Amino acid sequence: MNTALARSRRRRAATAVTATLVVALIALILTVQQALPTASAAPLSPGSAAVADSTAAAGSATAADGLIDGGRVTVFDDVPAVTGLDDALRAALQRAARAAASDGVELRLNSGWRSAAYQRQLLQEAEAEYGSIEEASRWVATADTSEHVTGDAADVGPRRGAEWLGHHGADFGLCRVYANEPWHFELRADAATDGCPRMYADATERRR
Ligand SMILES: [Zn+2]
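No experiment lies behind these values; they were computed from the predicted model shown.

### Describing the overall build of the protein
Piece 1. When helices and strands are counted, the protein shows nine helices and four strands.
Piece 2. Beginning at the N terminus, the succession of helices and strands in the protein can be written as α-α-α-α-β-α-α-β-α-β-β-α-α.

### Concerning the sheet that holds strand β3 (residues 174-176)
Piece 1. Ordered in space as β1-β2-β4-β3, the four strands form an open sheet in which the pairing is antiparallel. Strands at the two margins of the open sheet, each flanked by one partner only, are β1 (108-111) and β3. Each adjacent strand pair in this sheet contributes to an overall mean axis angle of 50°, direction not counted.
Piece 2. Where β3 lies against strand β4 (residues 184-187), three bridges are found, and the strand directions are antiparallel. What sits directly across from Cys175, in β4, is Glu186.
Piece 3. In the packing of helix α7 (residues 159-168) onto the sheet, the strands contacted are β1, β2 (154-157), β3 and β4, and the crossing angle to β2 comes to about 115°.

### Points about the nonpolar core
Piece 1. Within the largest apolar cluster, 40 residues are counted, with the highest numbers of intra-cluster contacts made by Leu93, Ala96, Leu109, Ala154, Val156, Leu165 and Leu174.
Piece 2. For this core, the secondary-structure elements that each account for two or more residues are α3 (80-83), α4 (87-102), α5 (116-130), β2, α7, β3 and β4.
Piece 3. Looking at this core, the element that brings in the most residues is α4, giving six residues.
Piece 4. Those residues in contact with Ala96 that sit more than four places away from it in its chain are Leu107, Leu165, Gly169, Phe172 and Leu174.

### Side note on α7
An α-helical segment advances 3.6 residues per turn. Residues three or four places apart therefore align on the same side.
Piece 1. Those residues of α7 lying buried are Gly161, Ala162, Trp164 and Leu165. Within α7, the buried residues cover an arc of 160° as seen down the axis, which keeps them to one side. With respect to the buried face of α7, the exposed residues turned more than 90 degrees away are Arg159 and His167.

### Some thoughts on α5
Piece 1. Taking 1.5 Å of rise per residue, 15 residues should cover 21 Å, and α5 covers 21 Å from first to last C-alpha, within 8% of that figure.
Piece 2. Every buried residue belonging to α5 is among Tyr118, Gln119, Gln121, Leu122, Leu123 and Ala126, and all of these are buried.
Piece 3. The first or second residue beyond α5 is Gly131, which carries a positive phi of 90°.

### Quick look at the environment of Ser111
Piece 1. Its location among the elements puts Ser111 in strand β1.
Piece 2. For Ser111, a count of 28 C-beta atoms within 10 Å gives the class buried.
Piece 3. Along the sequence, Ser111 and Asp155 sit 44 residues apart, while their C-alpha atoms lie 5.0 Å from each other.

### Details of the confidence of the model for the protein
Piece 1. The share of residues in the protein with pLDDT of 70 or more is 72%, and the mean pLDDT across the chain is 82.
Piece 2. Ignoring residues within four places in sequence, the model shows residues 34-57, a span with pLDDT below 50, making 40 contacts including any to other chains.

### Concerning unusual backbone geometry
Piece 1. The omega torsion of the bond from Gly157 to Pro158 falls at -10°, within 30 degrees of zero and hence cis.
Piece 2. The residue Pro158 is located in the loop between β2 and α7 in this model.

Conventions we followed
- Residues numbered from 1 in each chain as written.
- Predicted model: local features only at pLDDT ≥ 70, side-chain atom pairs only at ≥ 80, totals over all residues.
- Helix = DSSP H or I, 4+ residues; strand = E, 2+ residues; numbered from the N terminus.
- Pairing = 2+ DSSP bridges.
- Axes fitted to C-alpha atoms, helices over the stretch in contact; angles between N-to-C directions.
- Contact = placed C-beta atoms within 7 Å.
- Core = buried A, V, L, I, M, F, W, Y, C linked by C-beta atoms within 7 Å.
- Buried ≥ 20, exposed ≤ 12 C-beta atoms within 10 Å, placed from the backbone.
- Arc of directions from axis to C-beta.
- Expected span 1.5 Å × (residues − 1).
- pLDDT = per-residue confidence, 0-100.

Here is the structure:
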């Protein structure tokens, strides 16, 4: 075989490989694009980063309403979601966060104080997500009933942080309240001596 022919074959082979790679790359991008909306819709919780992100994109709530972006806020930060919390709850969260840190676990805040407008927006979004106000109300309270609006509740993340607080929170007077929301904590001052009270199955049981 002469050199020119061999070179031309190699070039054709290289072109074919490049074309295959380009097609594979496009297929990968399309797959990821299709997968993304589903992935971000799945873990719906008022405090989850997914909801916070979609809220930031779709809604009108801002940081002044207690909106938290992307789960990077700690209980020591000077933002409305933190400063709007009840003083005793915030102090308890800060004590717990220091203890968690000494265990090598980071506590962050996915949601804290929220304005009534922000709460209404979350409920509307949950209704759209769950298809009915009944199902949405298992997860998101109204502005009149939400402990977040009064500054009496904190949604803690990441998952490991919430699990740590689920185990150790009572020492700081911090208790889970809803069986279906392992991230949602409220202050129960007697918990250090009496333990945390029995949890509600979900928010609708509490309102009954
Ligand atoms: Zn909550």
